[in-house]
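Architecture and fold: a report
Here's the letter readout for the chains.
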Amino acid sequence: MQGLDAQSLKSVSDEIVQAVDAAENLEALDAIRVNALGKKGRISLLMRELGGMDADARKAAGQALNIVKDQVAAALEAKQFVLPQAALNEKLATEAIDVSLPSRPSREARLHPLSRTIEEVLAIFAEMGFQVAEGPDIESDYYNFTALNIPPEHPARQEHDTFYLPANADGQRKVLRTHTSPVQIRTMEAKEPPIRIIVPGRTYRSDHDATHSPMFHQCEGLVIGDGIHMGHLKGCLIDFCRAFFGVDDLPVRFRPSYFPFTEPSAEVDIGCTRDGGGLKIGAGDDWLEILGSGMVNPRVLANCGYDPEKYQGFAFGMGIERIAMLKYGIPDLRTFYDSDLRWMRHYGFLPFDAPSIHAGLVGGAG
Ligand code: DAH
């Protein structure tokens, strides 16, 4: 029968395999497959012709046709594998970028001075063996106040201008944490001494003016161990202040103060001068308050299940915005949250310029 002789079958096979080789994409390949092997495809139609042949001829033609079918199927399968790779290679070639080229200055991102300041604080305390700890922004009243020795009706509660969330089913009202100190409690509940943690995070108070923002950042520190005393607190914080501000002989003063969660408590001031209108940090005739600190109140230790006879510790807390403003000469707190790109270009930092003690922490802004 015409069409099923060896010569014709070979040319059918050659023709289809050539088309497969030439196919440029998967859609074209699929069309070739349908035209060859689909219900009404060329090979399928030839198969149907077998029915009209006598037995011997049918056997020979059938075998020959199956070989053609296998050749075509193999060619299709191979091409199906190759095509996506070719497409990918082309994409890689056309979309290649030279990552070693310098970036365009106009597109360079900047790291926010608050992020930078947090990184600097962490770098200094990491060097002293502190671990970073974090806690939730939404806190229970217990962690934010009571466990820190600020019982209900304590006057310190009023000073915190707390944001309260609506009461839940059991009548409890969660709060947006007013300080990072609750992470002290969470850490002491979870671990046994020795503890040396540094806790950066967001804090919230209902207060908004040139020097207060309803959301701001604090960094908390806690050290607990056997035989920890006020000398450790002083040494640690003096070293921190000098490293952070990059002034080796920076005067640091501990001024008696009061916090419910520490006893005794001290506020930490650094030396400065205001001669000539500008503020200069370093030896001078004036002082700037930058930190709250103290020896952890034995009641707080007991609230966390520690034996105050056995363990002592010190804690401290500082406002990140405040120390960033002082270090980098940023005059207005509100500009931190304006997302003003010109401000970011001026005060921001190059993202790959990570702070480290050895490289120096006093890299200039911008
Ligand atoms: N939590 C205090 C505040 O928000 C700051 C503070 C003071 C934290 C003394 C401390 C500390 O851990 O010992 O004002």
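The structure presented is a predicted model; accordingly, all values stated were derived computationally and were not measured.

1. Thoughts on the overall build of the protein
Each helix and strand counted, the protein has 12 helices and 10 strands in total. When its C-alpha atoms are laid out on the principal axes, the protein stretches across 115 × 55 × 40 Å. The buried share of the protein, taken over its 366 residues, is 42%. In the protein, once contacts between residues fewer than 6 apart in sequence are set aside, the share between residues at least 24 apart is 65%. Surface exposure of the protein reaches about 20100 Å², of which carbon and sulfur atoms provide 53%. Each charge sign in the protein was given a centre, from 37 positive and 50 negative side chains, and these centres are 4 Å apart.

2. A short note on the pairing of strand β7 (residues 262-273)
A regular strand places its side chains on the two faces of the sheet in alternate fashion. Of all 12 residues making up β7, 10 are buried, and the element is well covered by its neighbours. The hairpin formed by strand β6 (residues 252-259) and β7 contains two residues between the paired strands. Both β7 and strand β9 (residues 286-296) contribute to a ladder of nine bridges, which runs antiparallel. Considered in β9, the bridge of I270 is made with L288. As defined by bridge partners, β7 adjoins strand β8 (residues 280-281) across two bridges and the pair is classed as antiparallel. The partner of C272 across the bridge, within β8, is I281.

3. Thoughts on the domain arrangement of the protein
By the assigned domains, the protein splits into domain 1 (2-94) and domain 2 (113-347). When each unit is reduced to the centre of its C-alpha atoms, the spacing between domain 1 and domain 2 is 75 Å.

4. Considering the packing of helix α1 (residues 6-22) against helix α2 (residues 26-37)
In the contact formed by α1 and α2, the axes pass within 9 Å of each other and the chain directions differ by 165°. If you check the angle between α1 and α2, you find them roughly antiparallel. Note on packing geometry: the crossing formed by α1 with α2 is left-handed. When α1 is examined against α2, the residues I16, A19 and V20 are found in contact with a partner set consisting of L29, I32 and A36.

5. Here's the deal with the side chain of T178
Tracing the sequence through the fold places T178 in the loop between β3 (175-176) and α8 (182-190). The contacts of T178, once residues within four sequence positions are left out, are N144, F145, H160, T162, T203, Y204, R205, F216 and Q218.

6. Quick look at the site of the ligand
In the neighbourhood of the ligand, 15 residues make up the surrounding shell, with H179, S181, R205, Q218 and E220 lying closest. Measuring from an oxygen atom of the ligand, one finds a side-chain N or O atom of R205 at 2.9 Å. Side-chain polar atom of E220 to an oxygen atom of the ligand: 2.6 Å apart, as the coordinates give it. With the chains in place, 90% of the 350 Å² that the ligand exposes on its own is no longer accessible. Classifying every residue of the shell around the ligand by side-chain character gives four nonpolar, nine polar and two charged.

7. Brief notes about the pairing of β6
When β6 meets β7, the two strands line up antiparallel, connected through seven bridges. Residue pairing in the sheet places F254 in a bridge with V268 of β7.

8. Things to note about the pattern of salt bridges
Counted by the stated rule, this structure contains 15 salt bridges. Between D14 and K10 there is a salt bridge, with the nearest N and O atoms lying 2.7 Å from each other. A residue pair is termed a helical-turn pair when its members lie 3 or 4 positions apart in one helix, as D14 and K10 do in helix α1 at four residues. Ionic pairing is found between R255 and E267, a salt bridge with its closest N-O pair at 3.3 Å. Taken as a pair, R255 in strand β6 and E267 in strand β7 lie far apart in primary sequence, 12 residues in all. Residue class for R255 comes out partly exposed when judged on its relative accessible area of 26%. A relative accessible area of 15% means that E267 is categorised as buried.

Cut-offs used in this document
- Residues numbered from 1 in each chain as written.
- Predicted model: local features only at pLDDT ≥ 70, side-chain atom pairs only at ≥ 80, totals over all residues.
- Heavy atoms only, no water.
- Helix = DSSP H or I, 4+ residues; strand = E, 2+ residues; numbered from the N terminus.
- Buried < 20%, exposed > 50% of the residue type's maximum accessible area, 1.4 Å probe, protein only.
- Contact = heavy atoms within 4.5 Å.
- Areas by Shrake-Rupley, 256 points an atom, 1.4 Å probe, with all protein chains shown as cover.
- Lys, Arg positive; Asp, Glu negative; His and termini not counted.
- Charge placed at Lys NZ, Arg CZ, Asp CG, Glu CD.
- Pairing = 2+ DSSP bridges.
- Domains from an automatic or database assignment.
- Axes fitted to C-alpha atoms, helices over the stretch in contact; angles between N-to-C directions.
- Parallel < 35°, antiparallel > 145°, perpendicular 65-115°, else oblique.
- Left-handed = near helix turned anticlockwise from the far one by under 90°.
- Near = heavy atom within 4 Å.
- Polar contact = N/O pair within 3.5 Å; in protein donor to acceptor, adjacent residues only side chain to side chain.
- Nonpolar A, V, L, I, M, F, W, Y, C, P; charged D, E, K, R; others polar.
- Salt bridge = Lys/Arg side-chain N within 4 Å of Asp/Glu carboxyl O.

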